[in-house]
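Chain by chain, the residues:
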Amino acid sequence: MIHHRALKGSGLVLAAAVLSFACGGGGGTSGGTSGGDKGTIKIGVEMPLSGTEGSQGQPILKGVRFAVDKAGGSIKGYKLQVADYDDAVNGVHDPQKGAQNVTAMAGDPKVLTFVGPLNSNVAKNEIPIASDAHLSMISPANTGVCLTKEQPDSRFPFDAACGGLAAQLRKGNPNNYYRLVTTDDYQGPAMADYFLQILKITKVAVASDNQTYGKGIADAFSAEFKAKGGTLVGTRFDYDQQNTNDFKPWLTSAKTAGAQGVYVGGVTSTKVCIVRAQMQGIFDPATPFGGGDGIVQDSECVKAAGAMSTNVYASIAAVDPTHVPSAKATIDAYKKANPGPNDYTAYSIVAADAAGIEIAAIGRAIDAAGGTLPTDPLKAREAVRAELAKTSNYQGALGSTSFDKNGDTNVKIVSIYAYNSSNPDDANNEPWKAQVNYGDATPTVQTS
Amino acid sequence: MATVVGALRQTRVALSGQLGAWVFYGIGIAAFVLLILPRIFQNPVLFLQTLVFGLTDGALYALIALGYTMVYGIIELINFAHGDVFTIGGMIGILLFSLLGLVPNKAASVGLLLVPILIGITALTMLITGVINVVIERVAYKPLRHQPRLAPLITAVGMSFLLEGIMFVWHGPNFVQAPDLLPSARFSLLGANIDTRELIIIVVAVGLMLILNSFVEFSKLGKAMRATAQDRDAATLMGIDIDRTISVTFFIGAALAAVGGLLWAFYYGSLRYDTGFGAGLAAFTAAVFGGIGNIQGAVLGALVIGLVRAFNDGYGSATWTDVIIFGILILVLTLRPTGLLGMRVPEK
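All figures in this text were calculated on a predicted structure; none of them were measured in a lab.

Enquirer: Describe in detail the overall build of chain B, supporting the description with residues and values.
Expert: A count of helices and strands for chain B gives 13 helices and 4 strands. The C-alpha atoms of chain B give 21 Å as radius of gyration, which agrees with the globular expectation for 348 residues (20 Å, within 12%). Seen along its three principal axes, the alpha-carbon backbone of chain B occupies a region of about 70 × 55 × 40 Å. Relative to its 348 residues, chain B shows a buried fraction of 50%. Relative to all contacts within chain B whose residues are 6 or more apart in sequence, the contacts with residues 24 or more apart total 75%. Just so you have it, chain B exposes about 15800 Å², and 73% of that area is on carbon and sulfur atoms. Measuring between centres, the 20 positive side-chain charges of chain B sit 4 Å from its 17 negative side-chain charges.

Following this line, the structure appears as C-alpha cells:
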C-alpha cells in the first residue's frame, strides 16, 4: 500500500512539473479534442467474442464502443480506443485464455482499464494478474458471490464456501475488480419473494444440482421463502447430475406433499430444465417453476423443457434496461448506432455504463494528475484504479451507480423473466415479469 | 487373527451357495418389512407410483446390463465402451427418426403408421449399432484376445473416450432432444397415475430378456455361445467358429443397448454425449450385482438398482442415493462375491 502511495506521490510531483506546459484540460471530453495530442488511452474489452457465447460478448463490445463514441472518442486531450480480446477457445470461454489476454493487456502500456469478463470462472483467473498490474476491471455480467465478498448478504444466510477467495485473488493489492450486476445471493431470494408476493404460492419443493452455484441459490431461495412465511414441502433434492436421470419419483413425492411450485438451482447443462420437462403428467403445466440465471434466455432450456416450457421463471442479477425510464434515450441511440438484429442485449447497456464509469475515472485521474497522466503505465493505471474505486453516484443509462468497499454495485436489483412459448427460437424474447430491489432494507417487488 | 480370517472365508464359501441366497433374501425381506411396508400403509398410491418409476428405470438399466454381462460371460472383458455404444445407438435412432420428419416438439403426424415406423426404425437402429459394436470388437479387442487381460481393458477405455469424442464432435456439449414417439396415455391404476410409456418399457425389456434367454438356451448359436463361454479350446475342437460366436455376442449386446438408448431418449427426453458414462456404470454395477455372465442376474440387478434409486429419491435424500446403492453392492459382494444369482464365466 505505502509503496504504491509513494509511487503515486512522485507521479503527482512529475505531473505538477509539467502542469505549466499542459493546457487547462477541464471539460475536454466534448470540447473538440478530436486529436490525441497527449497520446492514446486504450480501454480493453475481455469477452468471449466468438463461439456460442459470442452472441453475448459481441453486444457488450458494441456497448463499450458506443460509450467511447458518446464520449467523442477522446478524453481531456487523450485519444480513446477500444482494444478487444477474445477468451473463447473452441467456441467456449476459457479461463486460461482469459489470463493470457489480461497478461497481454498488462503488457500494452496504453491499456489503462478494461471491461470484462463474462464468466465468473474466467474472472477468477484474471483478477490476480490484473491486480498485480493495477489494471482495474468492471465486469458487466459476473455474479459469483466469492469474487468480491466472503459471506452472502446477512439477510439470506447460506454457506457460500468462499474460503477467503476474494482476498487471495487480490494478493494484498488494492481492489481492482468491480461489477455492475449484483451477486448470486440475491437471485434465490428474489424468486422466493416473487413466488410469495406475486404468484401467491406458499408451498414449494426445492432441488439443486449440488454444485456451488446451484446449491447456493437454492439455499438462499429456501432461507428467504421460509423467513417470509412460505413452507418448503417434500425432501430437499440435491441430485448428482451425472447419475440422476429420473426426477419423477421426487416430483411425485413433492406433489403428494402439496407442492404448488418447484425451484431448482443449477444450469441448463446440469439438467435443471429436464426436471421441468419431467413434471409433465405429475404437475399441471401452469405450475410455476423457478431457477436462476443458469437457465434464463436459453434456447437449450426451452428445447429441454419441451411442452412444459411455459411458466418457467428465471432471474438475472441486474436491472432490465427497458424498465429504467432514463435508459430509453440510450437504448434508442444504441439501437440506431447498432441496427443489427443481434446487436442489442440487456448487457449492451450495462457495458456502456461500465465503459462510461471507466472513462469518467480516467478523466478524474487526468485532472488529479494535473492534466497529464504519468508515463509509467503502472502509475497511470493505479491513478485510474484509485479514481474508479471512488465512483459515487455515477449517472448512467441505468441510473445512479456507486461501488461499495468490495467493488460491488450498490444497485441490488434482480429481474425476473418467464418463458411464454415452447418455441426455442423465442428464448431471447422471454418477457420481463418483475424486478426485486434489495437496495432498501425491505425488499420490494415491482411488476411494472 | 488366522481363525478370524478362516471363519470369514468359511462364511463366504457357505454364503456363496444356497445358504447365501436365503440370507440375502432374508435381508431383503427384512428391509422390505421395516423400510417399505410402513410406506405402503402411509400412502399406497405414492408407493405404487414410485414402484412403477423404479421398475421403468431398472428396465432401462437392464437393457444395457445385458450387453455387459454377455460380453463378460464369453470373453471375460469389461467392455467399458458399452455405455457409449448405448448412447450412440440412441443418437442413431434419433437421426433416423428425424430423417422421417419425426423431430422433437412437433406432433407426430403419421397416425396409424406410427407402430410400424417405430418397430422398423428400432430394428434398423439395432442393426446399425450392432454392426458398429462388431467392428469395435474386430478392431480393438480381437487382436488382443491372447494378450494380457489388461491390454483389451485399456483399449475398451480408449474406445469409450473415442465414441464420446465422436458424439461430442457430432452434437456438441448440449442435450440431444428426442421426439416423444412412445404412445403416452395416462390411466389410473389403484389411484396411481401410470403412463403407458412406462408399461411399454417394462414389457419390452422383460420381453427381450425372455427372447434372449431362450435364444441362449435353445438355439444353435446360443449353444455355441455357451460352449465358447465354458471352454474356448474345447469349443474350437467341436467345430465352433469362435470368432463368429464372439461377434454375434457383441452384435446382440449392442442391439439391446440400442433399444435401451432409444427408449431412454423417448422416456427421459434427451441424450448427451456422456449419458452412457453414468448409465453404463449403473448397468455394469447391476450386472456384477446380479452375477456377471448371468442373463437373469443382470436384469434382477438392474431392477434392484432402479428400485433402490427411485425409492430413495422419492422417500429419502438424493445425496444418499449413490451411497446406498454402492453400500448394498459392497455388502452383497463381500458376503456373496458371485452376485445374487451366481456368476457364469469361462472355466479355467
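Enquirer: Account for the overall build of chain A, with residues named and values stated.
Expert: Scanning chain A for helices and strands turns up 13 helices and 19 strands. Relative to the globule expectation of 22 Å for 448 residues, the C-alpha radius of gyration of chain A, 23 Å, shows essentially globular dimensions. Seen through its principal axes, chain A has C-alpha atoms that stretch 80 × 45 × 45 Å. When the 448 residues of chain A are sorted by exposure, 60% land in the buried category. For chain A, long-range pairs separated by at least 24 residues make up 74% of all intrachain contacts whose partners lie at least 6 apart in sequence. A total accessible area of about 16400 Å² is found for chain A, and carbon and sulfur atoms account for 53% of it. Between the mean site of the 39 positive side-chain charges and the mean site of the 42 negative ones, chain A shows a separation of 4 Å.

Enquirer: Describe in detail a nonpolar patch on the surface, supporting the description with residues and values.
Expert: Residue and element names in this part refer to chain B. On the surface, Trp 22, Tyr 25, Ile 29, Phe 32, Val 33, Leu 34, Leu 35, Leu 300 and Leu 341 cluster together into a nonpolar patch covering about 910 Å² of accessible area. Among the elements that make up the nonpolar patch, the one with the highest residue count is helix α2 (residues 18-42) (7 residues). You can see Val 33 is positioned in helix α2.

Enquirer: Could you give an account of the sheet that holds strand β6 (residues 111-115) of chain A, with specific residues and numbers?
Expert: Residues and elements named next belong to chain A. Read across the open sheet, the 6 strands follow the order β2-β3-β1-β6-β7-β8; overall the sheet is mixed. The strands lining the two open edges of the sheet, one partner per strand, are β2 (74-75) and β8 (177-179). Here 4 bridges tie strand β1 (residues 40-47) to β6, and the two strands are oriented parallel to one another. Each residue of the ladder has a partner; that of Lys 42, found in β6, is Val 111. Where helix α12 (residues 346-368) meets the sheet, its contacts fall on β1, β2, β3 (78-86), β6 and β7 (136-139), and the angle it forms with β6 comes to roughly 155 degrees. Docked against the sheet, helix α13 (residues 377-389) engages β6, β7 and β8, running at close to 40 degrees with respect to β6.

Enquirer: How would you sum up the state of the cysteines? Please name residues and give values.
Expert: All names here are of chain A. According to the stated counting rule, one finds 2 disulfides over all chains in the structure shown. One disulfide bridge connects Cys 146 with Cys 162, the sulfur atoms lying 2.1 Å from each other. Here the S-S torsion is close to -75 degrees, and the disulfide linking Cys 146 with Cys 162 is therefore left-handed. Placement of the pair is Cys 146 in the loop between β7 and α5 (165-170) and Cys 162 in the loop between β7 and α5, with a sequence separation of 16 residues. Comparing Cys 146 with Cys 162, the two get one shared label, buried. Across the disulfide, Cys 273 is cross-linked to Cys 301 (sulfur-sulfur distance 2.0 Å). Given an S-S torsion of about -95 degrees, the disulfide between Cys 273 and Cys 301 has left-handed geometry.

Enquirer: Any details on the pattern of salt bridges? Residues and values, ideally.
Expert: All names here are of chain A. In total, this model carries 29 salt bridges over all chains according to the counting rule given. Here Arg 385 makes a salt bridge to Glu 382, at a shortest N to O gap of 3.0 Å. In this pair, Arg 385 and Glu 382 are both assigned in helix α13, 3 residues apart and thus about one turn of the helix distant. The two residues Arg 385 and Glu 382 agree in class, both being buried.

Enquirer: Any details on unusual backbone geometry? Residues and values, ideally.
Expert: Residue and element names in this part refer to chain A. The omega torsion across Gly 116 and Pro 117 is -5 degrees, close enough to zero to call that bond cis. By the element assignment, Pro 117 lies in the loop between β6 and α4 (120-132). A positive phi angle, close to 50 degrees, is found at Lys 171, a residue other than glycine. On the basis of relative accessible area, Lys 171 is assigned to the partly exposed category, the value being 47%.

Thresholds applied
Residues numbered from 1 in each chain as written. Chains lettered and ligands numbered in written order. Predicted model: local features only at pLDDT ≥ 70, side-chain atom pairs only at ≥ 80, totals over all residues. Heavy atoms only, no water. Helix = DSSP H or I, 4+ residues; strand = E, 2+ residues; numbered from the N terminus. Rg over C-alpha atoms; globule rule 2.2 N^0.38 Å. Buried < 20%, exposed > 50% of the residue type's maximum accessible area, 1.4 Å probe, protein only. Contact = heavy atoms within 4.5 Å. Areas by Shrake-Rupley, 256 points an atom, 1.4 Å probe, with all protein chains shown as cover. Lys, Arg positive; Asp, Glu negative; His and termini not counted. Charge placed at Lys NZ, Arg CZ, Asp CG, Glu CD. Patch = residues over 30% accessible without salt bridge, like charges linked within 9 Å, V, L, I, M, F, W, Y side chains within 5 Å. Salt bridge = Lys/Arg side-chain N within 4 Å of Asp/Glu carboxyl O. Pairing = 2+ DSSP bridges. Axes fitted to C-alpha atoms, helices over the stretch in contact; angles between N-to-C directions. Disulfide = S-S within 2.5 Å.

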